[in-house]
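Fold and contact review
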Protein chains: 2
Amino acid sequence: MMRHIVHEQLMNEDSFFRRNLVNCLSGYKSLNLIGTRNEHGKANLAPFSQVFHIGAAPPLVGILFRPHTVKRDTLENILQSKYFTLNHVTPEMYRQAHWTAANWEESEFEGTGLTEEFKVDFFAPFVKGSPVQLGCSLVETQTLQINQTVLLIGSIDQIFVEEKGLRADGSLDLNILETVTVSGLDEYHVGEKLGRLAFPKPGIEPAEI
Amino acid sequence: MMRHIVHEQLMNEDSFFRRNLVNCLSGYKSLNLIGTRNEHGKANLAPFSQVFHIGAAPPLVGILFRPHTVKRDTLENILQSKYFTLNHVTPEMYRQAHWTAANWEESEFEGTGLTEEFKVDFFAPFVKGSPVQLGCSLVETQTLQINQTVLLIGSIDQIFVEEKGLRADGSLDLNILETVTVSGLDEYHVGEKLGRLAFPKPGIEPAEI
């Protein structure tokens, strides 16, 4: 049985229902902790589900910052310092990752007990124990007219990845790395592989590789 | 053991390795089949992993179209007709979903055996059997200077969702709906829930809800 909801009905629903539903509609989302530091050197850490691939050569990543629903410390720190880190989240740390979104006075590292890791002279803190850590620098930002969402593009300058999850062809085994994915605003999952499929060609059903 | 790769090393790797790696770095991605029709009424269907939440009121969705790596039929059809559908993929149809990315002469529906579904007088085809089907209309597009990636914003006008996966609070149970997620270019997974966590507050560890 399919429930049918049209735009006008959704706009008449209470905002809690609407926000939960619309945040789930795109499906599973990537989950990354973004590490930054402000001009006084204070570290900040925040969970983001709006990080995505922009290009491989040069390696670029995009992040969407929505105007009212997320704290803006991360965006302000990046605009000021130009640097940030992206860190995959594991089942061992997903509760702390979620908790970093609270309105902390102190640094989210101090508050939640996650450990900051500084290396290769990179300005922003990595998250210790994260199996995929990226050091990135600001390239450009654009603001969407429709609702003042900011799209930030970053260059991927440093990659740290657990050897066990890096395949010979460059792809990552996210099951082995235990990368966590998020649905909606607050629900966390790991992935369970169905299959990896060959390059698709007309008339030939894609084989598993 | 962490493997460390810096930007310059990555640029010197072969393009196959680089593309595989960089496409995996953001983590799990949403997977949607986008249904469109061209000016002659011919249906098109293509898999996208770059669909994300833009806002809930009004309900908006964003899609990134990269310049060289995906077929442009979908983008051209949306710019022309203004309408498209988003359809979640299940384990039963993920091979066909992948296969729609082949360079078909005929419609991807005919080629892969997926079934088009027309309803509520919506111009673009839905995918029959998909547990979450959205009918969307074009709002705006922006082109990124850095690599000509196009960001398209759509309004969510029609929502069809399997009752069994819609919770009273509006959130979707993607495990029950069997929504598929993708990593890299070609690897498919279902989600396995770790937990759903309460709204985060400083000093109080988030409880499971």
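Whatever comes next refers back to the structure up there.
Residues numbered from 1 in each chain as written. Chains lettered and ligands numbered in written order. Predicted model: local features only at pLDDT ≥ 70, side-chain atom pairs only at ≥ 80, totals over all residues. Heavy atoms only, no water.

A look at the overall build of chain A
Looking only at helices and strands, one finds six helices and 13 strands in chain A. Scaling as 2.2 N^0.38, a compact globule of 209 residues should have a C-alpha radius of gyration of about 17 Å, and chain A matches this with 19 Å. Taking the principal axes of its C-alpha atoms as reference, chain A extends roughly 55 × 50 × 35 Å. Buried residues in chain A amount to 61% of all 209 residues. Of the roughly 8,200 Å² of accessible surface on chain A, a fraction of 49% belongs to carbon and sulfur atoms. Across chain A, 18 positive and 26 negative side-chain charges occur, with their mean positions spaced 2 Å apart. (Helix = DSSP H or I, 4+ residues; strand = E, 2+ residues; numbered from the N terminus. Rg over C-alpha atoms; globule rule 2.2 N^0.38 Å. Buried < 20%, exposed > 50% of the residue type's maximum accessible area, 1.4 Å probe, protein only. Areas by Shrake-Rupley, 256 points an atom, 1.4 Å probe, with all protein chains shown as cover. Lys, Arg positive; Asp, Glu negative; His and termini not counted. Charge placed at Lys NZ, Arg CZ, Asp CG, Glu CD.)

Describing the interface of chain B and chain A
Taken together, the contact between chain B and chain A spans 109 residues of the former and 109 residues of the latter. With both sides pooled, the region where chain B packs onto chain A buries about 10,000 Å², and carbon together with sulfur makes up 63% of that total. Applying the counting criterion to the chain B and chain A interface returns 10 salt bridges. Two residues, B:Glu208 and A:Arg95, come together in a salt bridge whose shortest N-O distance is 3.5 Å. (Contact = heavy atoms within 4.5 Å. Buried area = accessible area lost by both parts, 1.4 Å probe. Salt bridge = Lys/Arg side-chain N within 4 Å of Asp/Glu carboxyl O.)

So, the pattern of salt bridges
Evaluated as defined, the whole model comprises 16 salt bridges over all chains. With its nearest N and O atoms 2.9 Å apart, the salt bridge here joins B:Glu187 to A:Arg167. A residue pair is termed interchain when its members come from two chains, as with B:Glu187 in strand 13 (residues 187-196) and A:Arg167 in the loop between strand 11 (150-162) and helix 6 (174-177). Taking the shortest distance from any N to any O, the salt bridge between A:Arg196 and B:Asp186 comes out at 2.9 Å.

Notes on the sheet that holds strand 13 of chain B
Ordered by their spatial adjacency, six strands build an open sheet running 2(A)-12(A)-13(A)-13(B)-12(B)-2(B), and the pairing between neighbours is antiparallel. Among the strands making up the open sheet, the edge pair consists of strand 2 (29-30) of chain A together with strand 2 (29-30) of chain B. Taken together, the nine bridges between strand 13 (residues 187-196) of chain A and strand 13 of chain B define a ladder with antiparallel strand orientation. Within strand 13 of chain B, the residue paired with A:Arg196 across the bridge is B:Glu187. (Pairing = 2+ DSSP bridges.)

Topic: a negative patch on the surface
All names here are of chain A. Taken together, the side chains of Glu105, Glu106, Glu110 and Glu116 present a region of like negative charge at the surface. Take glutamate 116: it is sitting in strand 8 (residues 116-117). Note on glutamate 116: relative accessible area 36%, which makes it partly exposed. (Patch = residues over 30% accessible without salt bridge, like charges linked within 9 Å, V, L, I, M, F, W, Y side chains within 5 Å.)

Description of the relation of the copies chain B and chain A
When chain B is fitted to chain A, the residual RMSD is 0.0 Å, and the transformation amounts to a turn of 180° plus an axial shift of 0.0 Å. Seen this way, the second copy is the image of the first under a two-fold rotation axis. Residue B:Gly191, judged by its C-alpha, is the member of chain B lying nearest the rotation axis, at 2.3 Å. Of the residues that chain B buries at the interface, 100% are likewise interface residues in chain A, meaning the two copies contact each other through the same surface. (Least-squares fit on C-alpha atoms with pLDDT ≥ 70 in both.)

With respect to the packing of aromatic side chains
On inspection of all chains with the given rule, the structure shows 13 aromatic pairs over all chains. When the ring of A:Trp99 is compared with that of A:Trp104, the centres are 5.2 Å apart and the planes differ by 65°; the resulting orientation is edge-to-face. Ring geometry for A:Phe126 versus A:Phe160: centroids 5.6 Å apart, planes at 80°, classification edge-to-face. Remark: A:Phe160 occurs in strand 11 and A:Phe126 occurs in strand 9 (residues 126-127); sequence separation between them is 34 residues. The two residues A:Phe126 and A:Phe160 agree in class, both being buried. Through a chain of ring-to-ring contacts, the aromatic side chains of A:Tyr83, A:Phe122, A:Phe126 and A:Phe160 assemble into a single cluster. It is B:Lys119 that lies over the ring of B:Phe126; its NZ or CZ is 5.5 Å from the centre. Taking the ring centre of B:Phe160 as reference, the NZ or CZ of B:Lys119 above it sits at 3.9 Å. (Phe/Tyr/Trp six-rings, centres within 6.5 Å; stacked < 30°, edge-to-face > 60°. Lys NZ or Arg CZ within 6 Å of the ring centre and 35° of its normal.)

A few points about helix 3 (residues 73-81) of chain A
All names here are of chain A. Every buried residue of helix 3 is listed here: Thr74, Leu75, Asn77, Ile78 and Ser81. Across the axial projection of helix 3, the buried residues extend over an arc of 165°, all falling on one side. Contact partners of the buried residues in helix 3: strand 3 (32-37), strand 4 (43-48), strand 6 (59-65), strand 7 (83-88), strand 10 (132-143) and strand 11. In the segment just after helix 3, lysine 82 is the residue with positive phi, at about 75°. (Arc of directions from axis to C-beta.)

Thoughts on the pairing of strand 3 of chain A
Residues and elements named next belong to chain A. The element strand 3 is extensively covered by neighbouring structure, given that five of its six residues are classed as buried. Note that strand 3 and strand 4 share six bridges and pair antiparallel. Along strand 4, the bridge assignment pairs isoleucine 34 with alanine 46. The antiparallel hairpin formed by strand 3 and strand 4 contains five residues in its connecting segment, where glycine 41 sits at a positive phi of about 85°. Direction of pairing for strand 3 relative to strand 7: antiparallel, over a ladder of four bridges. When the bridges of strand 7 are listed, glycine 35 appears paired with threonine 85.

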